[in-house]
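Analysis of the macromolecular model
The chain contents come next:
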Amino acid sequence: MKQIQCKMFGHDFHVTRDVTFHVKEYTCVNCQKQLTTNSNGSLIELTPKFKEINDILERIHHNRMMKKINNKKATNKKGVLIPA
């Protein structure tokens, strides 16, 4: 019954996961179809291959953001490193 609603009115996608600032995963509220953004920015079906790619991208993105935050804490207002 839920798939009929998607066929008639279209999918109702909501963001379920923010992988990076530009890559997100979406799920249809009605039929649970999952999509993600590819390298061109268009939506494609979320396959196990893309799920694995998104996991790796998320880990790299998180590590870079943590490194950036730690570097900001280690410098003073003039941008000079503070010795530990």
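The following refers to the structure shown. (Residues numbered from 1 in each chain as written. Predicted model: local features only at pLDDT ≥ 70, side-chain atom pairs only at ≥ 80, totals over all residues. Heavy atoms only, no water.)

1. Things to note about the state of the cysteines
Tallying each qualifying case throughout the model produces 0 disulfides. Take Cys 31: it sits in no disulfide, and the sulfur closest to it among the cysteines is that of Cys 28, at 3.7 Å. (Disulfide = S-S within 2.5 Å.)

2. A word on the environment of Val 19
With respect to the helices and strands, Val 19 occurs in the loop between β1 (13–18) and β2 (24–28). Residues Val 19 and Ile 53 lie 34 residues apart in sequence; the distance between their C-alpha atoms is 9.9 Å. If we ignore the near neighbours within four places in the chain, the residues touching Val 19 are Lys 24, Glu 25, Asn 54, Leu 57, Glu 58 and His 61. (Helix = DSSP H or I, 4+ residues; strand = E, 2+ residues; numbered from the N terminus. Contact = heavy atoms within 4.5 Å.)

3. So, a nonpolar patch on the surface
Taken together, the side chains of Ile 4, Met 8 and Phe 9 make up a nonpolar region of the molecular surface, amounting to roughly 390 Å² of accessible area. Summarising the element assignment, Ile 4 is placed in helix α1 (residues 2–9). Accessibility expressed as a relative area gives 46% for Ile 4, which makes it partly exposed. (Patch = residues over 30% accessible without salt bridge, like charges linked within 9 Å, V, L, I, M, F, W, Y side chains within 5 Å. Areas by Shrake-Rupley, 256 points an atom, 1.4 Å probe, with all protein chains shown as cover. Salt bridge = Lys/Arg side-chain N within 4 Å of Asp/Glu carboxyl O. Buried < 20%, exposed > 50% of the residue type's maximum accessible area, 1.4 Å probe, protein only.)

4. Details of the pattern of salt bridges
Overall, the coordinates contain 5 salt bridges when judged by the stated rule. The closest approach of N and O atoms between Arg 17 and Asp 55, which form a salt bridge, is 2.8 Å. Here Arg 17 is found in strand β1, whereas its partner Asp 55 is found in helix α2 (residues 48–74), with 38 residues between them in sequence.

5. Things to note about the pairing of β2
Taken across its 5 residues, β2 has 4 buried, putting it largely inside the fold. Where β1 and β2 come together, 5 bridges link them in antiparallel fashion. Counted as the bridge partner of Arg 17 is Glu 25 from β2. Summarising the sheet, β2 and strand β3 (residues 34–37) pair through 3 bridges and their orientation is antiparallel. Its bridge partner lying in β3, Glu 25 is registered against Thr 36. (Pairing = 2+ DSSP bridges.)

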